[in-house]
Amino acid sequence: MPSPRTIIRVVDKCKNIRQLGQTHAQIIVAGLGDDKFAISRLMDFCSNPVHGDLKHTWTLFQRTDYPTICICNTMIKAFFLNGDFLMTAEIYMGMLLDRSYPDNYTLPYILKACSNLQDLRFGEQVHSHVVKLGFVCDIYVGNTLMLMYSVFGDMRAARYLFDIIPQRTEVAWTVMISGYSKQGDVDSACFLFDEAPVKDRGIWGSMISGYVQNNCFKEGLKLFQLMQLTNVDLDESVLVSVLGACAQLGALELGIWIHKYVERIGLSVGVRFGTALVDMYNRCGRLGLAKKVFNELPQRDSVCWNVMILGLAMHGDGEGAFKLFLEMKDSGFTPDGITFIAIFTACSHCGEVERGLDEFHKMKSVYNIEPKCEHYGCVVDFLGRAGLFEEAIEIIQKMPVLSNTSEEAIVWRALLSACFIHWEINLAELAAKHLVQLERHSGAYVLLSNIYAAAGRYRDAVRVRKLMKEKGVQKVPGSSSIEVHGVVQEFIAGEETHPEIEEIFRLLEKMNTQLESG
C-alpha cells in the first residue's frame, strides 16, 4: 500500500485532469479510495482554476462521507477561486449544520465571499461566528474582517477591529488606508499612513492611490517623490496610480520618466499599465506616443480599446476613432457604455450627427445597453453643436426620469454649452433655469451671463450675476499648472500663496514693460 508521501508525489506530478483520473484509479485499486488525505490531495489539484475541473472536485466532495475540515476548506476554496460565491457560502453553512467548525483558513474565504455577494447581513453573522470561535485576534481573519467592512463602507466597524487586533501587519494598515480613501476620507487615510511604523510597498501604494482617487493629484505626486527616497521598490500598481495623476495634471515629463524606467528595469508592460500609459499620453497631447504604446501592447482588454478610441476622439481624429471602433469589434470585443461615450465624443468633434444617432439607437437594439445620462448628454452635445436644437430637446423629452439630480444636470449643461456656441438665448434661459434648480454650481450662472453680455443684454447679465451673489453661489476660481523639472507648479486665480510669488510678479512686470516699450 502506498504511503501518504507517495500519494503526494504521484498527485503533484499530474499535469492535467486526464492524468489525475488515472492516478485516482490507482489510488482506488490500492484500497485508498476512502482515505481522507488522498481525497484532499485529489480535490486540491482539481480545484485549481488553471488545469483543474470544478465539476470533478464537486463529485469527489459529494461522494465523501463525513468530510474533514481540510476537505471542506478545499471545496470552499475551489468555488471561491472559480467565482461561485453563493456555493462558497452554502458549503460553509453545510459545515455548521454538520457541526464541523471552521478554522482560520475557512473564515477569510467566507468573509471575502460575503463582500463579493454584497451581503453585509451574512457577513455580520460570520463575524459573530468568528467571535464565538475565538478568531477575532487571528491576523488573517482579522484583516479579512476589516476588508469586508471597508468594502461595505463601514469604516467605524473596520477601525474597531483595527484597534483591538494585538498584532497589526502591513496588510492591516493597507486595508484601512484604502478603505478610508474609497470613502473619500483622505484625512483619516493620511493620518494612518503617517502613524504606520513600517511602510512597505502596499502602504505607500494605497496612500498614493487614495490621493489620486480623490483628485488630490499634486499630493499623490509629492508622496511618490518621497517614496523614491526610500528603499521600497516600485511596482505596477504604484506606477499606474502615478500615471493617473500625471494624466490629470499634464505632467508629461514625469510620465515619460516612468515609461523609460519600466523599459530600463525590463518590467513587462501589462494591460493595466499599458492602458494607463496610453491615457497619460492622450491627455498630455502626445497622441503619436499613445498610438505607439497601444499598437505595441501584446494584449488588450475593452478598457484599453476605450481609452485609445476616446483619445483619438478628444484630439479630433473622428475617422481614426471610428476605424478603431470597428477593429475593436472585429477583434472579438463587445462595446460597452464607455465605448459609446468615446464614439459620441468623436461625433461631437467631427459633426457626424447621423452616425452618432445611428450608434445611439444601436446601443439598445443591438448591444442591449440602456443609455445613461452621460450618453444622453453626449447626444445632446453633438446635436447642439450642429445647431439641431429641436432634435436635442426631443432627445431630452424622451429621456427616462432620473432620480439623481446631478445626472440630469449633465444633459442640461450640455444643452446650455451648445446654446453658448450658437447664441440661442431663449433656449439658454430654459437650460439655465433647469440647472439652477438641479444644482448649486456657478457654471450655469456664468454661461448665461456671458451669453447675455455677448448679445448686448448687459442689464440681464448684471441681473444674473446679482442673483448668483444673492444665493451665495461662489464662482470656482480658475487654475493652471505647469511642470518644471518634474515638479508640477499650480496657480489659482486670486491666490498669492506660491512660495516664489514675489519673484513671479517682478518677472511679469518686467515682461509687461518690455511689451509696452516694444
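Residues numbered from 1 in each chain as written. Predicted model: local features only at pLDDT ≥ 70, side-chain atom pairs only at ≥ 80, totals over all residues. Heavy atoms only, no water.

A.B. asks: Break down the overall build of the protein chain for me, citing the residues and quoting the values.
C.D. replies: On a plain count of helices and strands, the protein chain comes out with 29 helices and two strands. Sequence-distant contacts in the protein chain: of pairs separated by 6 or more residues, those separated by 24 or more amount to 57%. As displayed, the protein chain offers around 28100 Å² of accessible surface, 52% of which is attributable to carbon and sulfur atoms. (Helix = DSSP H or I, 4+ residues; strand = E, 2+ residues; numbered from the N terminus. Contact = heavy atoms within 4.5 Å. Areas by Shrake-Rupley, 256 points an atom, 1.4 Å probe, with all protein chains shown as cover.)

A.B. asks: Account for the state of the cysteines, naming residues and giving values.
C.D. replies: Tallying each qualifying case throughout the model produces zero disulfides. Cys350 forms no disulfide, and the closest cysteine sulfur to it belongs to Cys347, at a distance of 7.6 Å. For Cys350, a relative accessible area of 33% translates into the label partly exposed. (Disulfide = S-S within 2.5 Å. Buried < 20%, exposed > 50% of the residue type's maximum accessible area, 1.4 Å probe, protein only.)

A.B. asks: Lay out the pattern of salt bridges in plain terms, naming residues and giving numbers.
C.D. replies: With the rule as written, the count across this model stands at 13 salt bridges. The shortest N-O distance in the salt bridge between Asp163 and Arg159 comes to 3.0 Å. With Asp163 and Arg159 both in helix 10 (residues 155-164), this residue pair falls four residues apart, about one helical turn. A relative accessible area of 41% places Asp163 in the partly exposed class. Using a relative accessible area of 24% as the deciding quantity, one classes Arg159 as partly exposed. Residue Asp279 is joined to Arg283 by a salt bridge in which the shortest nitrogen-to-oxygen separation is 3.0 Å. (Salt bridge = Lys/Arg side-chain N within 4 Å of Asp/Glu carboxyl O.)

A.B. asks: Mind laying out helix 13 (residues 201-213), listing which residues take part and the relevant values?
C.D. replies: Between the first and last C-alpha of helix 13 there are 18 Å, a value that for 13 residues agrees with the 18 Å anticipated at 1.5 Å per step. With 10 of 13 residues buried, helix 13 lies mostly within the body of the structure. Buried within helix 13 we find Ile203, Trp204, Gly205, Ser206, Met207, Ile208, Ser209, Gly210, Tyr211 and Val212. Near the N-terminus of helix 13, the side chain that reaches the backbone nitrogen of Gly202, with its oxygen 3.2 Å away, is that of Asp200. Note on helix 13: the residue one or two positions beyond its end, Asn215, has a positive phi of about 65°. (Expected span 1.5 Å × (residues − 1). Polar contact = N/O pair within 3.5 Å; in protein donor to acceptor, adjacent residues only side chain to side chain.)

A.B. asks: Tell me about the packing of helix 14 (residues 217-227) against helix 15 (residues 236-249), and please be specific about residues and values.
C.D. replies: Their axes nearest at 9 Å, the elements helix 14 and helix 15 cross at an angle of 135°. When the axis of helix 14 is compared with that of helix 15, the two are oblique. For helix 14 against helix 15, the interelement crossing comes out left-handed. Between helix 14 and helix 15, the contacting residues are Phe217, Lys218, Leu221, Phe224 and Met227 on the first element and Val238, Leu239, Val242, Ala245, Cys246, Gln248 and Leu249 on the second. (Axes fitted to C-alpha atoms, helices over the stretch in contact; angles between N-to-C directions. Parallel < 35°, antiparallel > 145°, perpendicular 65-115°, else oblique. Left-handed = near helix turned anticlockwise from the far one by under 90°.)

A.B. asks: I'd like a description of the packing of aromatic side chains, backed by residues and values.
C.D. replies: Applying the stated rule across the entire model yields 19 aromatic pairs. Centre to centre, the rings of Phe80 and Phe85 are 5.4 Å apart; their planes meet at 65°, and the pair counts as edge-to-face. For the pair formed by Phe80 and Phe85, the shared burial category is buried. Here the aromatic rings of Tyr92 and Phe122 are separated by 6.4 Å at their centres, their planes lie at 65°, and the arrangement is edge-to-face. With Tyr92 in helix 6 (residues 85-97) and Phe122 in helix 8 (residues 120-133), the pair connects residues that are 30 residues apart, well separated along the chain. Judged by its relative accessible area of 9%, Phe122 falls in the buried class. By way of ring pairs, the aromatic residues Phe325, Phe340, Phe344, Phe360, Tyr367, Tyr376 and Phe382 are connected into one cluster. Geometry around Phe162 places Arg168 over its ring, the cationic atom sitting 4.3 Å from the centre. Looking at Arg300, its charged tip hangs above the ring of Trp305, at a distance of 5.1 Å from the centre. (Phe/Tyr/Trp six-rings, centres within 6.5 Å; stacked < 30°, edge-to-face > 60°. Lys NZ or Arg CZ within 6 Å of the ring centre and 35° of its normal.)

A.B. asks: I'd like a rundown of unusual backbone geometry, residues and numbers included.
C.D. replies: The phi torsion at Gln118 lies on the positive side, around 55°, for a residue other than glycine. Summarising the element assignment, Gln118 is placed in the loop between helix 7 (106-117) and helix 8.

A.B. asks: How would you summarise the nonpolar core if you had to cite specific residues and measurements?
C.D. replies: In this structure, Val126, Val242, Met280, Leu415 and Leu416 are the most contacted members of the largest nonpolar core, which totals 144 residues. At nine residues, the largest contribution of residues to this core is made by helix 15. Every residue in contact with Val126, bar those within four places of it in the chain, is listed here: Tyr92, Leu107, Ile110, Leu111 and Cys114. (Core = buried A, V, L, I, M, F, W, Y, C linked by side-chain atoms within 4.5 Å.)

A.B. asks: Go over the packing of helix 17 (residues 271-283) against helix 18 (residues 287-296) with me, naming the residues and quoting the values.
C.D. replies: Axis separation between helix 17 and helix 18 bottoms out at 7 Å; the angle between their running directions is 165°. It follows that helix 17 is roughly antiparallel to helix 18 by the angle criterion. Relative to helix 18, helix 17 is oriented so that their crossing is left-handed. Here helix 17 contributes Gly274, Leu277, Val278, Tyr281 and Asn282 to the contact with helix 18, which in turn contributes Leu287, Leu289, Ala290, Val293 and Phe294. Taken together, the residues that form the contact of helix 17 with helix 18 break down as eight nonpolar, two polar and no charged. (Nonpolar A, V, L, I, M, F, W, Y, C, P; charged D, E, K, R; others polar.)

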